[in-house]
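Observations on chain architecture
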Amino acid sequence: MVAAGNTVVFNPHPSGKRVATEGVRRYNEAISKDLGIDNLICIITEPTLDSAGAIFKHPDINLLCVTGGTGSGQGRHAAGQAGNRGRPRQSAGGGR
């Protein structure tokens, strides 16, 4: 996603938020050191279904990438619904 010129916002599963936050911190540190770009990758530090829903519905988000197990099917459905506003949207899922 970053290689394609996008910034990224992660809304991790609450049970993985600590490791995801550390990963984002490390990536941002390396990106800043090598490219001089700060905070290219962001994370919701207290992720919830509501924060995910806000991301799915935000009019300025052009790409959604949803991964996970059986529960993420609802997220993929929400991402597909967001795409019905006339702008290109994509969602991907996996991990089943």
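Our structure's up above, just so we're on the same page.
Residues numbered from 1 in each chain as written. Predicted model: local features only at pLDDT ≥ 70, side-chain atom pairs only at ≥ 80, totals over all residues. Heavy atoms only, no water.

Regarding the overall build of the chain
When helices and strands are tallied, the chain shows 3 helices and 2 strands. Helices (α) and strands (β) of the chain occur, in sequence order from the N terminus, as β-α-β-α-α. Taken over 96 residues, the chain has a buried fraction of 22%. Within the chain, contacts between residues separated by at least 24 positions form 63% of all contacts whose residues are at least 6 apart in sequence. Of the roughly 6900 Å² of accessible surface on the chain, a fraction of 56% belongs to carbon and sulfur atoms. (Helix = DSSP H or I, 4+ residues; strand = E, 2+ residues; numbered from the N terminus. Buried < 20%, exposed > 50% of the residue type's maximum accessible area, 1.4 Å probe, protein only. Contact = heavy atoms within 4.5 Å. Areas by Shrake-Rupley, 256 points an atom, 1.4 Å probe, with all protein chains shown as cover.)

Details of helix H2 (residues 49–57)
Taken as a whole, H2 has its buried residues at Ser51, Ala52, Gly53, Ile55 and Phe56. Capping the start of H2 is the job of one residue whose side-chain oxygen sits 3.2 Å from the backbone nitrogen of Asp50: Thr48. (Polar contact = N/O pair within 3.5 Å; in protein donor to acceptor, adjacent residues only side chain to side chain.)

Overview of the nonpolar core
In globular proteins that are soluble, nonpolar side chains generally tend to be buried together. The biggest cluster of nonpolar side chains holds 6 residues, and these are Val8, Val24, Ile31, Leu40, Ile41 and Ile43. For this core, the elements supplying multiple residues, two or more each, are helix H1 (17–35) and strand S2 (41–43). Excluding residues within four positions of it along the chain, Leu40 makes contact with Val2, Asn6, Thr7, Val8, Asn28 and Ile31. Residues Ala52, Ile55, Leu64 and Val66 belong to the second largest nonpolar core, which totals 5 residues. (Core = buried A, V, L, I, M, F, W, Y, C linked by side-chain atoms within 4.5 Å.)

Description of unusual backbone geometry
The phi dihedral of Asn39 is positive, around 55°, even though this residue is not glycine. Counting through the fold element by element, Asn39 comes out in the loop between H1 and S2.

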